[in-house]
Amino acid sequence: MSDTTTIEWTDSTWNPVTGCTKVTPGCDNCYAETFAERFRGTPGHHFENGFDLTLRPNALIMPLRWKKPRKVFVNSMSDLFHKDIPDEYIARVFAVMALTPQHTYQVLTKRHGRMRALLGSQDFIRLVDDHREQTRPGCGDFTWPLPNVWLGVSVEDQKRADLRIPALLDTPAAVRFLSCEPLLGPVDLDGPIIPGRGRPKLTYWLTGRPYWDETKATTTGTGLTMAPISTGPHIDWVIVGGESGRGARPMHPDWARALRNQCVSSGVPFLFKQWGEWGVDWVKGPDGKIGPRGKDITVADDGTVYEPGDLAYPDGPRYGEAVRADHGRAHLTAMYRLGKKRAGRELDGRTWDQFPVVTGAAA
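Here the residue numbers are simple positions, counted from 1 along each chain's written sequence. With the structure being a predicted model, the display of local features is reserved for residues of pLDDT at least 70 and the display and counting of side-chain atom pairs for 80 or more, all residues being used for whole-chain, interface and lining totals. Water and hydrogen atoms play no part in the side-chain values, which are based on all heavy atoms of the structure.

> Got a sec to walk through the overall build of the chain? Specific residues and values, please.
Only DSSP runs of H or I covering at least 4 residues are called helices, and only runs of E covering at least 2 are called strands; the numbering of each starts at the N terminus. Along the backbone of the chain there are eight helices and 21 strands. Per-residue burial for the chain yields a buried fraction of 47% across its 363 residues. Under the convention used here, a 1.4 Å probe and the Shrake-Rupley method define accessible areas, while residue burial counts only the protein chains that appear. Carbon together with sulfur atoms contributes 52% to the accessible area of the chain, which is approximately 17600 Å² in total. For every residue, the accessible area (1.4 Å probe, protein chains only) is compared with the maximum for its type, and the residue is labelled buried under 20%, exposed over 50%, or partly exposed between those bounds.

Okay, here's the thing in structure tokens:
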């Protein structure tokens, strides 16, 4: 855990649990595992047991000492809803979050099923309340879902979107968000496009599914019953980023652009975290337009010099290294292994650092 962090969408990290196990392709090059395993077997080190799942009860009280409000990424080195973490321990984590309403907690998981089951359980809510009282007797009532807790799921491709987003929308939360990092394939949040059929089934993930709200129905003087149109739960925030580190897989620019465009059209805040290891060498020309650098060479962070088109996507000589998804020849884009710093955070000439505006707890 740390009072500060370089993660672009949070202020601090808090790890009452460390260690995890892999469940999907997005886990293949896990940065947390790579970091922790470096210290496996080092006597006395915090990660002496590497990336083995480890409860850290001594870390539970850390946020109680933080007075200045901050955004806190919960379990940056694990997954709070891992199957081997006891319900009772997860309740203790939520109790601490309930006792520190000055902070905003960001909980991200790939275990959507357990998250939905636990947070929708009255037994679990009572357990959270019990731990609140034990930690700080007389702390008073609390609101559920906790208004200062944002819940998110990782979405690396369409398959994971289709599995995890419906579960997230079915989970009580003040704010719901997606972390599309590492983005390993195209994701459509409006409803997947089927060739020749368009979008036969809209998802309403970004806007909320409309329905007649019969709880607010009124009767006119002529006896006609009228009900207003309301919308169901929706995604409040989308984070997109490419993969960094050894073995990083490239993210096609069109995947990031498509998600950005969907967010902009729906009024949903969008944050572009990073290109990752692979980037597109874009510059702004004299006419103000954004385009490829042209004939300039590219120098990566490690000093490697690439000529233009060395990693042309998908037709370049290093096709096998650069391509990790199905894109036709119409999608020619020059991709370069630049390194995270050199690739940067700009998408089409600007940074995107939007955050949700919170007005209170949602259902």
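That covers the picture; the talk isn't over yet.
> An account of the nonpolar core is needed here, citing residue identities and associated values.
What we call a nonpolar core is a set of buried Ala, Val, Leu, Ile, Met, Phe, Trp, Tyr and Cys residues that are connected through their side-chain atoms within 4.5 Å. Trp14, Phe94, Met97, Leu178, Val238 and Val240 are the most contacted members of the largest nonpolar core, which totals 65 residues. It is helix α2 (residues 87-99) that contributes the most residues to this core, 10 residues altogether. Of all hydrophobic cores here, the second largest spans 10 residues; its members include Ile7, Phe73, Leu108 and Trp150.

> Would you mind going over the layout of surface pockets in detail, with residue names and values included?
Definitions used for this entry: grid spacing 1 Å over protein atoms alone; cavity, a set of points where a 1.4 Å probe fits but cannot get out; pocket, an open set with protein on both sides within 12 Å along at least 5 of 7 lines; lining residue, one with an atom within 4 Å of a point. Grid points are joined across faces, edges and corners, and a volume is the space filled by probe spheres set on the points. By volume, the largest pocket amounts to about 1200 Å³. In terms of lining residues, the largest pocket is bounded by 49 residues, among which Cys30, Tyr31, Ala32, Glu33 and Ser76 are the most central. The element best represented in the lining of the largest pocket is helix α1 (residues 31-37), accounting for five residues. The residue makeup of the lining of the largest pocket, split by class, is 15 nonpolar, 22 polar and 12 charged. Under the convention adopted here, Pro, Cys and the residues Ala, Val, Leu, Ile, Met, Phe, Trp and Tyr are nonpolar, Asp, Glu, Lys and Arg are charged, and Gly plus all remaining residues are polar.

> Describe in detail α2, supporting the description with residues and values.
Spacing of three or four residues puts side chains on the same side of an α-helix, whose turn is 3.6 residues. For a helix, the expected span equals 1.5 Å multiplied by the number of residues minus one. Taking 1.5 Å per residue as the helical rise, α2 with its 13 residues ought to reach 18 Å, and the 18 Å between its terminal C-alpha atoms agrees with that figure. A large share of α2 lies buried, amounting to 10 of its 13 residues.

> Explain the packing of α2 against helix α4 (residues 122-135) to me, and be specific about the residues and the numbers.
Working note: a packed helix pair is described by the angle between its axes plus the distance between those axes. Contact geometry of α2 with α4 gives a least axis separation of 8 Å together with a crossing angle of 60°. Considering their axes alone, α2 and α4 lie oblique with respect to each other. Viewed along their axes, α2 and α4 form a crossing whose handedness is right-handed. Mapping the contact onto sequence places Asp87, Glu88, Ile90, Ala91, Arg92, Phe94, Ala95, Ala98 and Leu99 in α2 and Phe124, Leu127, Val128, His131, Arg132 and Thr135 in α4. Of the residues belonging to the contact of α2 with α4, the class tally is nine nonpolar, two polar and four charged. The axes used here are C-alpha line fits, helices contributing only the stretch in contact, and every angle between their N-to-C directions lies in the interval 0 to 180 degrees. What sets the label is the angle itself: under 35 degrees gives roughly parallel, over 145 gives roughly antiparallel, 65 to 115 gives roughly perpendicular, and the rest give oblique. With the far helix as reference, a near helix turned anticlockwise by less than a right angle produces a left-handed crossing, and one turned clockwise produces a right-handed crossing. Residues count as neighbours in contact if any of their non-hydrogen atoms are within 4.5 Å of one another.

> So what about the pattern of salt bridges? Which residues, and what values?
When a carboxyl oxygen of Asp or Glu is within 4 Å of a side-chain nitrogen of Lys or Arg, the pair counts as a salt bridge. For the coordinates displayed, the defined rule picks out 21 salt bridges. A salt bridge links Arg114 to Asp87; its shortest N-O distance comes to 2.5 Å. Of this pair, Arg114 sits in helix α3 (residues 112-119) while Asp87 sits in helix α2, and the two are 27 residues apart along the sequence. In the salt-bridge network here, residues are joined through shared partners; they are Asp254, Arg257, Arg260 and Asp348.

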